[in-house]
Structure formats: C-alpha cells, structure tokens
Amino acid sequence: MAQKFQNYIGGVWSDSSDGKTFENRNPANWDDCIGTFPLSTESDVDRAAQSAEEAFKTWRLIPAPARGEICRKAGEIMVARKEEIAAIMTREMGKPLAETRGDVQEGIDTAFYCATEGRRLFGQNTPSELPNKLNLSFRVPIGVCGLITPWNFPMAIPTWNIFPGLVAGNTFVFKPAEDTPQTANILVEILIEAGLPKGVLNIVHGAGEVVGAAITEHPLILTVSFTGSTKTGRTVAQTCGKLSKHVCLEMGGKNAQIVMPDADMELALEGVLWGAFGTTGQRCTATSRLILHQDIHDKFIDELILRTQKLKLGDGSIKGTEVGPIINEEQLENIDHYVSLGKKEGAVCILGGERPTDKDLQRGWFYKPTIFINVLPNSTIAQQEIFGPVLSVLKCKSLENAIKITNSVEYGLSSSLYTKNINDALLAVRDIEVGICYINAPTIGAEAHMPFGGVKSTGNGHREGGWAVFEFYTEWKSVYIDYSGHLQRAQIDV
C-alpha cells in the first residue's frame, strides 16, 4: 500500500481540506508508486497564509544571526542525510545518483552560506545635508512569501529561496512541483528538526492551477518567487502586478555553447555532453544549441556522435547510468513533438530522435539522446525551449556571427564559449545577452554564492543565489534622526 504524505500547516501535518490526493510515481518505473499527497484547495492555502502571517509577528523579531543558526543546523542535518535524500530524489524524479547528490550538496552549500549572511544584512549610513542629523537605512523583512518551485532541482531551488528568506525574517507558503513532493517534505522535516518555529514554513501540495494560483492571488502573501515555464511565469507576473506584489521569475532558457577553431576540442566535447544530456537535458541552463565554427564542424560532430552513443541510458539508481528518464509521459510526448517538428522543418536528426526499445526501459519515460544538424537559427528547435535531451547544432562563420545567433532567441539565461583567445572571450562576455556566461565550461554549473538568473524572457530582473537574493527578500527602511533641537527643513533652498 502506498505511503500517505500530508501538508504541513501551522506546525501540524494534515490532509487537504476535502481529503483528495494525487499519486507520486517513479519516472524510471511507472509501476512504482512512491506515495499519495494532498490535492489541496484554496482553503488550505488560506490556512497556510494565515499561519505564516501569525508566525511572522514573532519570527521577524528573532535576531538574524539566530535565524541563520537554524539554517546552519539544517545544513548539518542535510550532510548527515545526504545519501538518503539523494536516493529518494532519484526515485522521485529520475536523475542519476551522482546528480541528486549534487542537488543536495547545493542545498547544503546554500544553508551554510545563508547562515553566515545572518550577520551581514548590512544597511547603510550616509551623511545628511543638514547639521546635527543622522541618516540610516535598514533591511527589513517583507512578510509572508509565496514560493512555487519546479521538479528538476527539488532540493536546490527551494533552498535558494527558503534559507535566505528565513534569514531575512520572512515566513513562507511553499508549493513544490507535483512530480517531486517527497523531497520537498524532507526539506520541511529537516527545518523542523533544526528548530524552525511552527507556522514559519508551511507546505501545501497540489495542482499549480489551484494551489499556485491561490498563492499568487492571496492578499496576505506579499511576494512570490516562481521558477518554471515562461508562459506560466507571465501569468504569475500579471497577477502579482495587479495586486502590487513583489515577484521574482526564473523561467525558460535556450542556451548556446559556442566552439571556436582555437578551442581545446576535448574540453569542448566534454562540456557539450554534460551540458546537453546531464539531467537528461531537463535544466533551464541546459545546452540546447551548439554553435560550431564551420572550420571544425564536421570533425567535431563525428566525435560528438561517438561520445553520445556511449552514454548509458537507464534508471538513475543503477550504478553507471549517465542519462535518466524524462520526468513524465506528457513531457516525453512534448519532446517527441519537437523532434518531429525539427525533421519537418528540414533539420537532420543524426542520432536518437526516438524512445529506446530496450526491454528494461519500457516501464519508464525514457528518450534517446538526440542530435540535429543543419539547423537554421530561426527554426522551431533552435528558438523554443524543449526541456529534454535534444541538441540542435548550428554553423557559424565567425565569433561575431556566433554571438548574433546566440542572441537571436527570446531567452537570455546562460551561454558558453570555448576559445583560447582572451580577446574573443572578453568580447563574448560583453556582447552575449545572458545573465550567466561561461568561458571554457558548459552552460551549467551555478554556485550557491553567485547570482543566478537571466534577462529577456528568462526573468524579470531579480536573482536567486548569492547576495542578490537578499535584495529580493528584504525591503529598505530609511531612518532620519535629528538631534539639532529645532526644525530643519530638508530639500529647501537655504
């Protein structure tokens, strides 16, 4: 019998208000039911928001270093449970254990980083234009925060938001993706064990169109962080805009790796294999376009085919697996749709482009690593995010041409350039329209203490990670202290 999981609202584990549930299944073996989770309603979100608002009254008054200490303890618990969490995550969303260990480690790094920032929530003091007057400014928490996260990094992305948000003094209503609810529950359990007071963090499971919409619309929830598709993100932004809420959006990507003739070809090959097929291509930072200089195109492709054919496709819990399953049947069908479009539009599929026929892969949502060549910059598979193991290869005549192709999409998350020419590297850093730029490294590999996010249709200007995330989870309060003993009028011509 499948294990039953619950929401956590106001310090109490509870079912959804109407008792309905949904199943969480293993994408590598659909017969494996991990458990059932609450299919929550608007009333569950309302209870969570009220609980978070009540908890905020006391949580904001706890000194920030003490709030950071809870995050530090959570990080220590995660260290002790790392292997257990990684195994649960692999069963839940499919990526190999080496990658889920990295996902947990990102959470650990974020916990320890944010714990120290509890002592560094610096404000500013500046000179006054008037005598005997002191000007100060402070960072203060916003209040109740809504958090809507995706399934591909079910530990890392929630911690990128929850840990800094808590250290800043906020409380949360947290809705994880329906495909990875157990990992989210584990994070909540860890924070409870670390000493987080009741009501500070509430988790509400359910469908995005119900729970996610209710979080976005609820009047007590003053800020929303959303990671997911651009289409949904724009809907979240519109709702938050109408209600004058803060909103942080991390949305789609169509990231390119450029390889120039002077590059270290072995390094570039390793980079594109990891960037395109790591996490089965299910990353917003995945390398979905490979832009090769025409002088090295054919030779590079020949070697890329040989390397890609050797990638082991399978259950992420089995040692040696390098490419796991697609998250669910709907996403698998979406990938197949794009592959068909690519063929119809004239691109040549030189590898993959279909589901595997291996008997041991028939119970999961697997798709072969796929490579297209002769891809035009304006074609569908070169423009739209596929979110799967599909690589589109394009030719360029020069670095300037490659940069133009890179910038020709609506997204601007990550980019990569392989070259030994420092001038070319700095030109690319200056001119590529992205939030993250790698030189001689793949398009994936963010670190916890660095800002993460993109430009154009990828985001709305805010950043997760590093110090930048504290900018989102705090507001400024300016304070003027006049000790002159008489009325002084600022902004008056004296």
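For clarity, every value in this text was computed on a predicted model and none was experimentally measured.

A. Representation of the overall build of the protein within the structure. Per the secondary structure count, the protein includes 15 helices and 22 strands. Seen through its principal axes, the protein has C-alpha atoms that stretch 80 × 65 × 40 Å. With 494 residues in all, the protein has 57% of them scored as buried. Of the contacts formed within the protein by residues at least 6 apart in sequence, a portion of 73% connects residues at least 24 apart. Accessible surface computed for the protein: about 20,900 Å², of which carbon and sulfur atoms make up 51%. Here the protein holds 47 positive side-chain charges and 58 negative ones, and the gap between their average locations is 1 Å.

B. Molecular detail of helix H10 (residues 297-309). Over its 13 residues, H10 extends 18 Å from the first C-alpha to the last, a length consistent with the 18 Å expected when each residue adds 1.5 Å. Every buried residue of H10 is listed here: His297, Phe300, Ile301, Leu304, Ile305 and Thr308. The buried residues of H10 occupy an angular sector of 140° when the element is viewed end-on, so they sit on one face. Pointing more than 90 degrees away from the buried face of H10 are the exposed residues Lys299 and Asp302. Contact partners of the buried residues in H10: strand E13 (255-259), helix H9 (265-277), strand E14 (287-293), strand E15 (348-351), strand E16 (370-373) and strand E17 (390-396).

C. Local environment of the pairing of strand E8 (residues 144-148). Extensive coverage of E8 is indicated by the burial of five of its five residues. Of the strand pairs in this sheet, E8 and strand E9 (residues 171-175) are connected by five bridges, and their pairing is parallel. Note on E9: the bridge partner recorded for Val144 is Thr171. Between E8 and its parallel partner E9, the chain crosses via helix H5 (residues 156-167), and the hand of that crossover is right-handed. Pairing of E8 with strand E11 (residues 221-227) involves five bridges; the strand directions are parallel. Its bridge partner lying in E11, Gly146 is registered against Val224.

D. Local environment of the side chain of Thr370. Of note, Thr370 is situated in strand E16. If near-sequence neighbours (up to four positions away) are discounted, Thr370 is found in contact with Phe277, Val339, Cys349, Leu351, Gly352, Gly353, Pro389, Val390 and Leu391.

E. Geometry of the pairing of E14. In terms of burial, E14 is largely enclosed, as seven of its seven residues are buried. Pairing of E13 with E14, which is carried by five bridges, proceeds in the parallel orientation. Within the sheet, the bridge partner assigned to Val259 lies in E14 and is Leu292. As for the winding sense of the linkage, the β-α-β connection from E13 through H9 to E14 is right-handed. Alignment of E14 against E17, held across five bridges, turns out to be parallel. Of the residues in E17, the one forming a bridge with Leu290 is Val393.

F. Layout of the packing of helix H13 (residues 399-406) against helix H14 (residues 422-431). Across the interface, H13 lies against H14 with an axial gap of 11 Å and an inter-helix angle of 25°. Our classification of the angle between H13 and H14 gives roughly parallel. Considering the relative orientation of H13 and H14, their crossing is right-handed. Where H13 abuts H14, its residues Leu399, Glu400 and Ile403 lie against Asp424, Leu427, Ala428 and Asp431.

G. Molecular detail of the sheet that holds strand E4 (residues 21-26). Read from one edge to the other, the open sheet built from three strands follows the order E1-E5-E4, with strand pairing classed as mixed. Across the chains shown, the open sheet's two edge strands, defined by having one partner strand only, are strand E1 (3-4) and E4. With two bridges connecting them, E1 and strand E5 (residues 29-38) associate as parallel partners. Counterpart to Lys4 in the pairing with E5 is Thr36. Of the strands in this sheet, E4 and E5 are in contact with helix H3 (residues 82-93), which crosses E5 at around 105°. Sheet strands touched by helix H6 (residues 181-193): E4 and E5. Its angle to E5, the strand with the most contacts, is close to 45°.

H. The nonpolar core, seen in detail. Ile162, Phe163, Leu166, Leu191, Leu196 and Leu201 are the most contacted members of the largest nonpolar core, which has 49 residues in total. Ignoring sequence-local partners within four residues, the contact set of Ile162 consists of Leu147, Phe172, Phe174, Leu187, Leu191 and Leu201. Counting residues in each nonpolar core, the second largest holds 28 residues, with Ile335, Leu394, Ala402 and Val434 among its members.

I. Region of interest: the pattern of salt bridges. Evaluated as defined, the whole model comprises 20 salt bridges. The shortest N-O distance in the salt bridge between Lys57 and Glu54 comes to 3.0 Å. With Lys57 and Glu54 both in helix H1 (residues 42-59), this residue pair falls three residues apart, about one helical turn. For Glu54, a relative accessible area of 48% gives the class partly exposed. The salt bridge involving Arg139 is made with Glu471; its shortest N-O contact spans 3.0 Å. Within this pair, whereas Arg139 is found in strand E7 (residues 133-141), its partner Glu471 is found in helix H15 (residues 468-472), the two being separated by 332 residues in sequence.

Parameters and conventions
- Residues numbered from 1 in each chain as written.
- Predicted model: local features only at pLDDT ≥ 70, side-chain atom pairs only at ≥ 80, totals over all residues.
- Heavy atoms only, no water.
- Helix = DSSP H or I, 4+ residues; strand = E, 2+ residues; numbered from the N terminus.
- Buried < 20%, exposed > 50% of the residue type's maximum accessible area, 1.4 Å probe, protein only.
- Contact = heavy atoms within 4.5 Å.
- Areas by Shrake-Rupley, 256 points an atom, 1.4 Å probe, with all protein chains shown as cover.
- Lys, Arg positive; Asp, Glu negative; His and termini not counted.
- Charge placed at Lys NZ, Arg CZ, Asp CG, Glu CD.
- Expected span 1.5 Å × (residues − 1).
- Arc of directions from axis to C-beta.
- Pairing = 2+ DSSP bridges.
- Right-handed = clockwise from strand over helix to strand, strands pointing away.
- Axes fitted to C-alpha atoms, helices over the stretch in contact; angles between N-to-C directions.
- Parallel < 35°, antiparallel > 145°, perpendicular 65-115°, else oblique.
- Left-handed = near helix turned anticlockwise from the far one by under 90°.
- Core = buried A, V, L, I, M, F, W, Y, C linked by side-chain atoms within 4.5 Å.
- Salt bridge = Lys/Arg side-chain N within 4 Å of Asp/Glu carboxyl O.

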